[in-house]
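Geometric and topological summary
So you can see what is in the structure, the chains are spelled out below.
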Amino acid sequence: MAEELSKSAPKPSSLSDYAKRQRHKSDSDHVVKKRLPPRDSKQPGDIYITNKSNFKAQLNECLKKLENGEEITLHGLGAAVSRAINLALQIEEKLKTTHVIDVTTSTLQLVDDLEPLNDSVDPLTQTRTNSSVKIRILKNIAIS
């Protein structure tokens, strides 16, 4: 039965198929150094969400800015997308219908540097895609 499973599994036709699958991983000659993602010029209402940031502190910061009449924009990238959405839902629950939420999703091209481990290899770059979300929260004009 083990032989049947190994026969049915597709095998790459060449070495290049293996290289395509592992294009985002470092090889024995390079180390991947991820560059910081591009950011728009930071506005006063921009809040960047990461998985390392304190959720409760960011929720309080958002509520404080919204109560002062500011418009805020939450930015989440990659694994922090769900965290940014959760933060927006918590804000919506607390503020009910007094504010409007506008959500925009996109895919960003990120660039990584492949730094050589020895001098005989050239440095390289690689691109990868990552999902992102931008959530604008502003005061509902119809209610005011």
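An account of the accompanying structure is given in this report.

Reading the values: the criteria
- Residues numbered from 1 in each chain as written.
- Predicted model: local features only at pLDDT ≥ 70, side-chain atom pairs only at ≥ 80, totals over all residues.
- Heavy atoms only, no water.
- Helix = DSSP H or I, 4+ residues; strand = E, 2+ residues; numbered from the N terminus.
- Expected span 1.5 Å × (residues − 1).
- Buried < 20%, exposed > 50% of the residue type's maximum accessible area, 1.4 Å probe, protein only.
- Arc of directions from axis to C-beta.
- Contact = heavy atoms within 4.5 Å.
- Core = buried A, V, L, I, M, F, W, Y, C linked by side-chain atoms within 4.5 Å.
- Salt bridge = Lys/Arg side-chain N within 4 Å of Asp/Glu carboxyl O.

**Considerations on helix α4 (residues 81-95)**
An α-helix turns once per 3.6 residues; consequently, residues spaced three or four apart project the same way. Over its 15 residues, α4 runs 21 Å from end to end, which matches the ideal 21 Å to within 8%, given 1.5 Å per residue. Burial in α4 covers these residues: Val-81, Ala-84, Leu-87, Ala-88, Ile-91 and Leu-95. The buried residues of α4 occupy an angular sector of 125° when projected down its axis, which confines them to one face. Along α4, the residues that are exposed and aim more than 90 degrees away from the buried face are Ser-82 and Glu-93. Buried residues along α4 sit in contact with β2 (46-49), α3 (55-67), β3 (72-77), β4 (99-116) and β5 (124-139). Two residues or fewer past α4, Lys-96 is found with a positive phi of approximately 55°.

**Digging into the nonpolar core**
Core analysis: the largest hydrophobic core is formed by 17 residues, its most contacted members being Cys-62, Ile-72, Leu-74, Leu-87, Ile-91, Ile-135 and Ile-137. With six residues, α4 is the single largest residue contributor to this core. Excluding residues within four positions of it along the chain, Ile-72 makes contact with Gly-45, Cys-62, Lys-65, Leu-66, Ile-91, Ile-135, Arg-136 and Ile-137.

**Points about the pattern of salt bridges**
This structure, assessed with the given rule, holds five salt bridges. A salt bridge links Lys-65 to Glu-61; the shortest N-O distance between them is 3.6 Å. With a gap of four residues between them, Lys-65 and Glu-61 both fall in helix α3, about one helical turn apart. Owing to a relative accessible area of 16%, Lys-65 belongs among the buried residues under this scheme. Among the salt bridges present, the one from Asp-112 reaches Arg-128, with a minimum N-O distance of 2.8 Å. Of the two residues, Asp-112 is situated in strand β4 and Arg-128 in strand β5; the sequence distance between them amounts to 16 residues.

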